[in-house]
Amino acid sequence: MHTSTLHFVNPIEGDMLHTRDGQRQGQTLLIPVQVKAPTGHSVTINNQPTTEQNGLYTAEVGLSAFKNTLTTRDHTTGEQAKITVFRLLNFAGHYRLSIDDNIWFLRDIYRNQDTYTSLFDNPFLGFLREVHAQYGTKIHLNLFYQTDGFNLSQFPDKYRTEWQQNADWLRLSFHALAEFPDMPYRTAGYEVVRQDCDLIMNEIRRFAGEPLMGPVTTIHWGEATMEGSRAMRDAGYVAQLGYFNVDDDLPAVSYYLDIPQRRHLKKRFVWHDTREGITFVRSSIVLDKKDLPDIVPFLNSYADAPSGLPPYVDFLVHEQYFYPFYEAYQPDYRDRILTAAQWATDHGYQPAFLGDALFNE
C-alpha cells in the first residue's frame, strides 16, 4: 500500500483564511502555503514554484474567491494533493456581543404589554440599546422557547415593526427548548434538535420577522451530535459558536468535534467542516465567568498567545445574571459588558454580525 509523502501543513482542509493570515490586494488575499514532501523534490502549489527548508515547501498563493482549491504537486514522484480553503475579507477586526439563555426579558414584555409602548421599556433590552448607542455594538440574542409561566407563542406581535426598525443591530436565534436539563442536545438526534429549532424560529418570524434572523446560532451548552449540528445547518444555522475547550478541565462546548479539530479551532478561532458544510467559531470570553477586574487582562493576554488577539471577537454572556432576583445575580453585569465593548473599541475592532463577517464577501 502506497503511503502519501505529500500533504498540506498550513493551511489545512476547511481553514478560513482572513486578512491577518496574509496580505490583501483588492479582492485577493495572498497567503503563504506550506506542504510537507521529501527533501530535494520539485514541488509546486497551485502551479507556483516553492522554496524548501528541511522538507517544508512554501509558496505564496492568491485566494480570489470565497471558496478556493489548493493543489500541490510533487513533480518528482507524480503525487498530488488538494484541499479546500475559504477567504474571509470581512472577518478580522470585528466583534459582536452574543447573549445566551434569553427568555426572561421576553416574559417581562409579555406581562407588561399593556403598559410597554416600546420593547425598550424592558430594562434588559433598554440597557442593550444603550450599549449599541454608545459603541455601535451588534448584539445577538439566543433564545429559549419556554420558562416558568411563559413560552414564545405567548409573545405579542404588536412590537414587530419596532423589532425590524432595530434589525441593523439586533439578531434573534434558537438556543434550546428551555434552560434545563443541562446539555439537552448532547446525545440528541436530528429530529429532536430540528423540532426545537423550528419551534423557536417560527415564533421569531411571527413576532419579529425575517430581518432579525441570520445564519448563526449557539446551541445550549455548545454540545450536539453530528446529527444535531446537521439539523441546525438544515434550519439555516450554517455557523455554530462554541468554546472548543481542550487539554483542560473545562466543559468542551464543542459540538461533535474531535480533539485534533478542537485544538485547531482553539488556535484559529474559525474553521469550516467541508464534509458537513458547517462553520465553527470560537467565542473569545464568557463575561459572566470573569470578575470585572479580570476581563481586560484576560483579553489582553491573547496577544501573548501563539494565536495572538482573536481575529473576530465574540463576547459571550448569559441573560440571567442581569436580574437581582436571580440567585447568582451579578451587580456589575452592565459594567462587564461596557468594559468589553470599550476594550474592543480601544483595540480597533468594529461592530459586525458574525454572519456578515463570515459570509458577506
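In this text the structure is predicted, and so the values were computed from the model without any measurement.

## Brief notes about the packing of helix 7 (residues 292-301) against helix 8 (residues 333-346)
Okay, so step 1: Interhelical geometry of helix 7 versus helix 8 gives an angle of 25° and a closest axis separation of 9 Å. Considered as vectors, helix 7 and helix 8 are oriented roughly parallel to each other. When the axes of helix 7 and helix 8 are compared, the crossing they make is right-handed. Contact with helix 7, carried on its side by Leu292, Ile295, Val296, Leu299 and Asn300, involves Asp335, Arg336, Thr339 and Trp343 of helix 8 and no other residues of that element.
Okay, so step 2: Here the contact of helix 7 with helix 8 is composed, by residue class, of 5 nonpolar, 2 polar and 2 charged.

## Considerations on the sheet that holds strand 16 (residues 216-217)
Okay, so step 1: Pairing is mixed across the open sheet formed by 4 strands, whose spatial order is 16-17-19-18. The open sheet has two free edges, formed respectively by strand 16 and strand 18 (270-273), since each of these has just one partner strand.
Okay, so step 2: One ladder, built from 4 bridges, connects strand 18 with strand 19 (residues 278-282); its direction is antiparallel. Bridged to Asp273 within strand 19 is Ile278.

## With respect to the pattern of salt bridges
Okay, so step 1: Under the counting rule described, the total for this entry stands at 12 salt bridges.
Okay, so step 2: Across the salt bridge formed by Asp234 and Arg233, the nearest N and O atoms sit 2.9 Å from each other.
Okay, so step 3: You can call Asp234 partly exposed: its relative accessible area is 36%.
Okay, so step 4: The network of salt bridges with shared partners includes Glu227, Arg230, Arg233, Asp234 and Glu276.

## Observations regarding the sheet that holds strand 5 (residues 43-45)
Okay, so step 1: The strand order 2-10-9-5-6 describes an open sheet built from 5 strands, whose pairing is mixed. Only two strands of the sheet have a single neighbouring strand rather than two, namely strand 2 (16-18) and strand 6 (48-49).

## Brief notes about the nonpolar core
Inside soluble globular proteins, nonpolar side chains tend to come together where they are buried.
Okay, so step 1: In this structure, Leu128, Leu141, Trp163, Phe207 and Phe315 are the most contacted members of the largest nonpolar core, which totals 78 residues.
Okay, so step 2: Ignoring sequence-local partners within four residues, the contact set of Phe207 consists of Leu106, Leu143, Leu152, Phe155, Pro156, Asp157, Tyr159, Arg160, Trp163 and Leu172.
Okay, so step 3: Formed by 18 residues, the second largest nonpolar core is a distinct cluster that contains Val35, Val61, Ala81 and Val85.

## Concerning unusual backbone geometry
Okay, so step 1: Of note, the amide linkage connecting Asn10 to Pro11 takes the cis form, showing an omega dihedral of 0°.
Okay, so step 2: Tracing the sequence through the fold places Pro11 in the loop between strand 1 (7-10) and strand 2.
Okay, so step 3: Omega for the bond connecting Phe180 with Pro181 falls within 30 degrees of zero, at 5°, which places this linkage in the cis form.
Okay, so step 4: With respect to the element layout, Pro181 can be found in the loop between strand 15 (170-176) and helix 4 (190-207).

## Details of the packing of helix 2 (residues 123-135) against helix 8
Okay, so step 1: In contact at an axis separation of 11 Å, helix 2 and helix 8 are set at 20° when each is read in the N-to-C sense. Viewed along their axes, helix 2 and helix 8 adopt a mutual orientation that is roughly parallel. Helix 2 and helix 8 meet at a crossing whose hand is right-handed. Counting all contacts with helix 2, which are made through Phe124, Phe127, Val131, Gln134 and Tyr135, the residues of helix 8 involved are Tyr333, Arg334, Ile337, Leu338, Ala341, Gln342 and Thr345.
Okay, so step 2: The residue makeup of the contact of helix 2 with helix 8, split by class, is 8 nonpolar, 3 polar and 1 charged.

## Focus on the side chain of Glu223
Okay, so step 1: Mapped onto the elements, Glu223 comes out in the loop between strand 16 and helix 5 (226-235).
Okay, so step 2: Buried within the structure, Glu223 lacks any salt-bridge partner; Arg186 is the closest side chain of opposite charge, at an N-O distance of 4.3 Å.
Okay, so step 3: A polar contact of 2.8 Å, which involves the side chain of Glu223, links it to the backbone nitrogen of Val253.
Okay, so step 4: Apart from the residues lying within four places of it in its own chain, the contact partners of Glu223 are Met183, Tyr185, Arg186, Ala252, Val253, Ser254 and Tyr255.

## Details of helix 8
Okay, so step 1: With 14 residues, helix 8 extends 20 Å from end C-alpha to end C-alpha; this agrees with the ideal 20 Å at 1.5 Å per step.
Okay, so step 2: By the burial criterion, the buried members of helix 8 are Tyr333, Arg336, Ile337, Ala340, Ala341, Trp343 and Ala344. Buried residues along helix 8 cover an arc of 155° about the axis, so they all sit on one side.
Okay, so step 3: Among the structural elements, strand 11 (94-102), helix 2, helix 7 and strand 21 (312-318) are those in contact with the buried residues of helix 8.
Okay, so step 4: Following helix 8 by one or two positions, Gly348 has its phi on the positive side, about 80°.

## Quick look at the pairing of strand 19
Okay, so step 1: Among the 5 residues that make up strand 19, 5 are buried, leaving the element largely enclosed by the rest of the structure.
Okay, so step 2: Residue alternation in strand 19 divides its side chains into two sets, Ile278, Phe280 and Arg282 and Thr279 and Val281, and both sets are buried.
Okay, so step 3: Pairing geometry for strand 17 (residues 239-242) and strand 19, over 4 bridges, is parallel. For Gln240, the partnering residue across the bridge sits in strand 19 and is Phe280.
Okay, so step 4: Linking two consecutive strands that pair antiparallel, namely strand 18 and strand 19, is a turn of 4 residues; a positive phi of about 70° is found at Gly277 within it.

What counts and how
- Residues numbered from 1 in each chain as written.
- Predicted model: local features only at pLDDT ≥ 70, side-chain atom pairs only at ≥ 80, totals over all residues.
- Heavy atoms only, no water.
- Axes fitted to C-alpha atoms, helices over the stretch in contact; angles between N-to-C directions.
- Helix = DSSP H or I, 4+ residues; strand = E, 2+ residues; numbered from the N terminus.
- Parallel < 35°, antiparallel > 145°, perpendicular 65-115°, else oblique.
- Left-handed = near helix turned anticlockwise from the far one by under 90°.
- Contact = heavy atoms within 4.5 Å.
- Nonpolar A, V, L, I, M, F, W, Y, C, P; charged D, E, K, R; others polar.
- Pairing = 2+ DSSP bridges.
- Salt bridge = Lys/Arg side-chain N within 4 Å of Asp/Glu carboxyl O.
- Buried < 20%, exposed > 50% of the residue type's maximum accessible area, 1.4 Å probe, protein only.
- Core = buried A, V, L, I, M, F, W, Y, C linked by side-chain atoms within 4.5 Å.
- Lys, Arg positive; Asp, Glu negative; His and termini not counted.
- Polar contact = N/O pair within 3.5 Å; in protein donor to acceptor, adjacent residues only side chain to side chain.
- Expected span 1.5 Å × (residues − 1).
- Arc of directions from axis to C-beta.

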